[in-house]
Amino acid sequence: MMPGSAPAASDAGMFVPAATVGTVLCCMCGVAMQPNPANMCTRCLRARVDITEGVPRHAAVIYCPDCSCYLQPPRSWLRAGPESPELMQILLRRINRPLARLRVSLSGAEFVFSEPHSKRLRLKLRLRREVLHGVVLEQTHPVEFVVHDRLCDSCSRAQANPDQWVAVVQLRQHVPHRRTFLYLEQLLIKHGQASLAIRVAAAPGGLDFFFGSRSHAARLVDFLNTVAPISTQTAKQLVSHDTKSSVYNYKYTFSVEICPICREDLIALSPQASRDLGGLGPLVLCVKVTNSIALLDPLTLRVHHLEEKKYRVYNFKAALTSKQLVEYIVLDIEQESPEISIDGSRYQLAFAQVARVSDFGKNDTIFTVRTHLGHLLNPGDHALGYDLYGANLNDDDMDTAMTRHNLPEVILVKKSYEKKPRTRRWKLKRLPLEEDAGNKAKGEEERRLDEYEAFLKDLEQDAGMRFNINLYKNEDYRSEMASTIGDDVPTVPLEELIEDLTLGDDEEEDEEEAGNTQAGMVE
Amino acid sequence: MLLKVGCIQFENNCEVGVFSKLTNAYCLVAIGGSENFYRLASLLGFTILSYCVDLILTILIDDSGNKNGLLLPHTTTDQELQHLRNCLPDQVVVQRIDERLSALGNCVACNDHVALTHPDLDKETEELIADVLGVEVFRQTIAGNILVGSYCAFSNRGGLVHPHTSIEDLDELSTLLQVPLVAGTVNRGSEVIAAGMTVNDWTAFCGSDTTATELSVIESVYKLREGQPTAIVDDMRKSLIDSYV
């Protein structure tokens, strides 16, 4: 005849007499109430029993004002914003022990507003505890935390010596242009590998990355190993030595040298190298540089991947680089073999009749050459290529090749498009580079800008390169509808662009989005 | 006769029902209590027949009785049995019974007419109770508890039961016992009624933790409140007149 058992038994089909619970007088105040384990009405219970007795009302937390982190003893610093769930977690952990000792359980907690500069954090806890013959009482309890300021270890180290670095990665490539570094910069941004660097500085011939610990520097070097053909040398220098604990502090230097062959470089292989690589024609074009160099023989359409170590055996340099590209106009083209695809890039062997743009109209110098760009070129197109007919080279291997083989006069490298100064729909992020102030030569700025522009154009044309880096939508882009239709200049399609994160001004962005989609896709 | 309720402690413990047994004919008290305990008992109209100082009297949960008889468990020694027979008035039958459930005070609650017992009590014991105590025996539970002797205390005039007893149960018990019943607590919310208090037709003793509310409930249900001044004066007048004449 327990009051609670009636529903269960009646479910089973038994007859259970009804059991209404009677009223009992509260033993303290005499008010009629339902019986409970303590047999006191709730007001008497609450008045008599204080479950928050012994629960701390004040506690302390330690806060680093530089990096807005809170200390979790003994040693970890956790970042938490004001009145955030992480902060709540930190504060609750501080008072967890005394609560558990008193067998009080926490059923809720919330922040009470306090001025940030008052250095006090207020929480209102809802505590639950069992008292007196099994009655569970719930009561609110305010707790105040005093915030003490103390610099955390990393901030104090940074404060003491802001330029202090422990390891440096010196990235160098001995070529006159900086295209590789522009591309590497974008790769580093995409993979977030330079986030641990204290400082990034530009040096003549490359970049310097400064790190706070050797392992961070080693991580960057490992990453570079996978994306570029590099060779590394390490060195260390003793800075200080603690005799008592026998701890040695060093400065580590990683000298990383990137192979000097870049894309679109023309290389003349020595006869031995040519023989070792399987009879690759003496003239090869470098088409792709990842952690190995892809060499294409434009006359036979063979691609060979050369690893860094093998490269060091021959150590050949580029005979002609992209600075020496000359513009040609295609007069006639005749496809010789079907289009093939190697490594994701398409090539087609074709015979082309070309003339230099500087010659065009002035004289009749026409060259008939074999080219690998048969799938791209049409009569009337412009193309860029290396002029071997008129070149004056200082290269032993090239001389040998010239004497032994019948070299073509022109090697076409890529198709060129009309230069149209227009804004692009996309933009790139840059690393926070410190420019080398002392080493500025005249005209260097302009050269840098030109190189950057050329780099952006390369990105537009090469989808493979774009795959590896992040492109962001340019909010300042205004579509020029009339001029873009009918133009076959390659542009980056909208799917590949990433929405850049901006704070505020959401309406403007929405407008911009709508504007962009109306412009349509141009291929 | 004065009708009163007293709040006392036995050796600083408020569970006086455990240490004493009160009926209309006699009162048994455990040894070791202070003088105050006995003095209060005598003030309320009892004569102390003897002090059980030589023998060790077992804790008085273990027996059950009314004015007609007293039942003792099988653990009672012969000496105790003899002593009790000597001390108690002759009309009280003292009997020792063999029963598996030896804590008779927990198992049996009785007044002079009706007794409620533990549902698992032996048949022979039930018959013995009916014979010795001269009562009608009913097997019952109180608020789902089988220990009826500890969760209710009733006299010939009223009774107090466990606070969680439902209304239907109260009605049923009341019809069985033919006395008014109320669900309540004693000793500041304790549900073990019979351990916290002991009662007969005109007096009740409760533990000192009992609150005023509980006391008023006890006074009203056991009808202990008719302390009219006229009754006192009537008593006194008899003695006064005697001396005059």
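Bear in mind the structure is a predicted one, so any value in this text is a computation, not a measurement.

Visitor: Which residues make up the overall build of chain B, and what values do they have?
Guide: Check the secondary structure of chain B and you find 10 helices and 14 strands. A buried classification covers 51% of the 245 residues belonging to chain B. In chain B, 58% of the contacts between residues at least 6 apart in sequence involve partners at least 24 apart. Total accessible area on chain B stands at roughly 11,500 Å², and carbon and sulfur atoms take up 53% of it.

Visitor: Which residues make up helix 3 (residues 78-87) of chain B, and what are the values?
Guide: Residues and elements named next belong to chain B. All of the buried residues along helix 3 are Glu80, Leu81 and Leu84. In a view along the axis of helix 3, the buried residues occupy a sector of 100°, so they form one face of it. In this structure, helix 3 carries Asp78, Gln79 and Asn86 as exposed residues pointing more than 90 degrees from its buried face. The inward-facing, buried residues of helix 3 contact strand 3 (27-29), strand 5 (69-72) and strand 6 (93-96).

Visitor: Before we move on, could you go through the pattern of salt bridges and cite the residues and values that matter?
Guide: Residue and element names in this part refer to chain A. Counted under the stated rule, the structure contains 16 salt bridges over all chains. In this structure, Glu138 engages Arg128 in a salt bridge whose closest nitrogen and oxygen atoms are separated by 2.6 Å. Residue Glu138 is located in strand 8 (residues 135-149), and its partner Arg128 is located in strand 7 (residues 120-131); the two are separated by 10 residues in the primary sequence. Taking relative accessible area as the criterion, Arg128 reaches 37% and is therefore assigned partly exposed. With a shortest N-O distance of 3.3 Å, Lys415 and Asp381 are connected by a salt bridge. Of this pair, Lys415 sits in strand 24 (residues 410-416) while Asp381 sits in the loop between strand 22 (367-371) and strand 23 (382-387), placing them 34 residues apart in sequence. Exposure remark for Lys415: the relative accessible area of 9% places this residue in the buried category.

Visitor: Before we move on, can you summarise the packing of helix 6 (residues 179-191) of chain A against helix 11 (residues 444-461) of chain A with the specific residues and values?
Guide: All names here are of chain A. For the pair helix 6 and helix 11, interaxial distance at closest approach is 10 Å and the crossing angle is 60°. By the angle between their axes, helix 6 is oblique relative to helix 11. Where helix 6 crosses over helix 11, the handedness of that crossing is right-handed. Two secondary-structure elements touch here, helix 6 through Arg179, Leu182, Tyr183 and Gln186 and helix 11 through Glu451, Tyr452, Phe455 and Asp458. Looking at the contact of helix 6 with helix 11, its residues break down into four nonpolar, one polar and three charged.

Visitor: So what's going on with the pairing of strand 5 (residues 76-79) of chain A? Which residues, and what values?
Guide: All names here are of chain A. Pairing between strand 4 (residues 69-72) and strand 5: four bridges, direction antiparallel. Opposite Leu71, over in strand 5, you have Trp77 as the bridge partner. Here strand 4 folds back onto strand 5 in antiparallel fashion, the turn holding three residues.

Visitor: Describe in detail the nonpolar core, supporting the description with residues and values.
Guide: Residues and elements named next belong to chain A. Val169, Phe209 and Leu428 are the most contacted members of the largest nonpolar core, which has 41 residues in total. Those elements that provide at least two residues to this core are strand 9 (167-172), helix 6, strand 10 (199-203), strand 11 (206-211), helix 7 (214-227), strand 13 (247-258) and helix 11. Residue contacts for Leu428: discarding those within four places in its chain leaves Gln186, Tyr452, Phe455, Leu456, Leu459, Ile469, Asn470 and Leu471. Grouped together as the second largest cluster of nonpolar side chains are 32 residues, Cys26, Met40, Leu45 and Leu127 included.

Visitor: I'd like a rundown of the pairing of strand 13 of chain A, residues and numbers included.
Guide: Residues and elements named next belong to chain A. Note: strand 9 against strand 13, six bridges, orientation parallel. Each residue of the ladder has a partner; that of Arg172, found in strand 13, is Glu257. Across 12 bridges, strand 12 (residues 230-242) lies against strand 13 in antiparallel orientation. Paired with Gln237 across the two strands is Lys251, which belongs to strand 13. What sits between strand 12 and strand 13 in their antiparallel hairpin is a turn of four residues, with Ser246 showing a positive phi close to 60°.

Thresholds applied
Residues numbered from 1 in each chain as written. Chains lettered and ligands numbered in written order. Predicted model: local features only at pLDDT ≥ 70, side-chain atom pairs only at ≥ 80, totals over all residues. Heavy atoms only, no water. Helix = DSSP H or I, 4+ residues; strand = E, 2+ residues; numbered from the N terminus. Buried < 20%, exposed > 50% of the residue type's maximum accessible area, 1.4 Å probe, protein only. Contact = heavy atoms within 4.5 Å. Areas by Shrake-Rupley, 256 points an atom, 1.4 Å probe, with all protein chains shown as cover. Arc of directions from axis to C-beta. Salt bridge = Lys/Arg side-chain N within 4 Å of Asp/Glu carboxyl O. Axes fitted to C-alpha atoms, helices over the stretch in contact; angles between N-to-C directions. Parallel < 35°, antiparallel > 145°, perpendicular 65-115°, else oblique. Left-handed = near helix turned anticlockwise from the far one by under 90°. Nonpolar A, V, L, I, M, F, W, Y, C, P; charged D, E, K, R; others polar. Pairing = 2+ DSSP bridges. Core = buried A, V, L, I, M, F, W, Y, C linked by side-chain atoms within 4.5 Å.

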